[in-house]
Amino acid sequence: MARMTGSWLSGPAAALPKGLQQEQDYPGQLLGLPEHGPGSMVPTVRRVLALAVDWFMSMAIAAGLVGGNPLESPLLSSYTLIIWFVVGVGCVSLFSFTPGQFVAGLQVVRVDAPARVGIVRALARQVLLVFIAPALVTDIDGRGLQDRATGTAVVRSR
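Residues numbered from 1 in each chain as written. Predicted model: local features only at pLDDT ≥ 70, side-chain atom pairs only at ≥ 80, totals over all residues. Heavy atoms only, no water.

**Student:** A description of the packing of helix H3 (residues 76-95) against helix H5 (residues 118-130) should follow, citing residues and the corresponding values.
**Tutor:** Where H3 contacts H5, the two axes come as close as 8 Å, and the packing angle between them is 150 degrees. One finds that H3 runs roughly antiparallel with respect to H5. Crossing hand, H3 versus H5: right-handed. Across the interface between the two elements, Leu81, Trp84, Phe85, Gly88, Val89, Val92 and Ser93 from H3 touch Gly118, Ile119, Ala122, Leu123, Gln126, Val127, Leu129 and Val130 from H5. (Axes fitted to C-alpha atoms, helices over the stretch in contact; angles between N-to-C directions. Helix = DSSP H or I, 4+ residues; strand = E, 2+ residues; numbered from the N terminus. Parallel < 35°, antiparallel > 145°, perpendicular 65-115°, else oblique. Left-handed = near helix turned anticlockwise from the far one by under 90°. Contact = heavy atoms within 4.5 Å.)

This is the structure in structure tokens:
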């Protein structure tokens, strides 16, 4: 029991395979990403900014669909979530970024191959993001569970 809780309490580095448990100099080094500039890992603050832009944009579209006094409508939150979900899947699969990620200078990339994210990975990422918790649990590189599960990372685009 102590061995299991010890590895869980040891932090994100404990999840690495036995041979790779060395310290890295910067986030993304073990993934082969650069330290600075385009293609490097982004801090959580920029990802939260991108999420806020996407959410408020979805809310504005939903408010337009609901009409009347949207803040009193019980449909506003449901429409917002549906629009955010569809925009996330569509934009990440087609362009590798959502509107909010574009504003924040981010993009979603595959870490296992130099190819587009694709609709299956984008759909899986967005399904996991709906539950919020996977994004809060990060690894040593700052990738959430949704990125680890789909083999992706959120990096700087510029």
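**Student:** Explain the side chain of Ser58 to me, using residue names and the numbers behind them.
**Tutor:** Considering the arrangement of structural elements, one finds Ser58 in helix H2 (residues 44-66). Residue classification places Ser58 among the buried positions, given a relative accessible area of 1%. Filtering out sequence-adjacent residues up to four positions away, Ser58 remains in contact with Thr80, Ile83 and Trp84. (Buried < 20%, exposed > 50% of the residue type's maximum accessible area, 1.4 Å probe, protein only.)

**Student:** If you had to explain the layout of surface pockets to someone new, which residues and values would you point to?
**Tutor:** Estimates place the volume of the largest pocket at around 640 Å³. As for the largest pocket, its lining consists of 28 residues, of which Arg47, Leu51, Leu129, Ala135 and Gln146 are closest to the centre. Contributing elements (two or more residues each) for the lining of the largest pocket: H2, H3, H5, helix H6 (133-136) and helix H7 (145-150). Grouping the constituent residues of the lining of the largest pocket by class yields 15 nonpolar, 9 polar and 4 charged. Taken as a whole, the second largest pocket holds about 160 Å³ of empty space. Among the residues forming the lining of the second largest pocket, the class breakdown is 6 nonpolar, 4 polar and 4 charged. (1 Å grid on protein atoms, 1.4 Å probe; cavity = no way out; pocket = protein on both sides within 12 Å on 5 of 7 lines; lining within 4 Å. Points joined across faces, edges and corners; volume = space filled by probe spheres on them. Nonpolar A, V, L, I, M, F, W, Y, C, P; charged D, E, K, R; others polar.)

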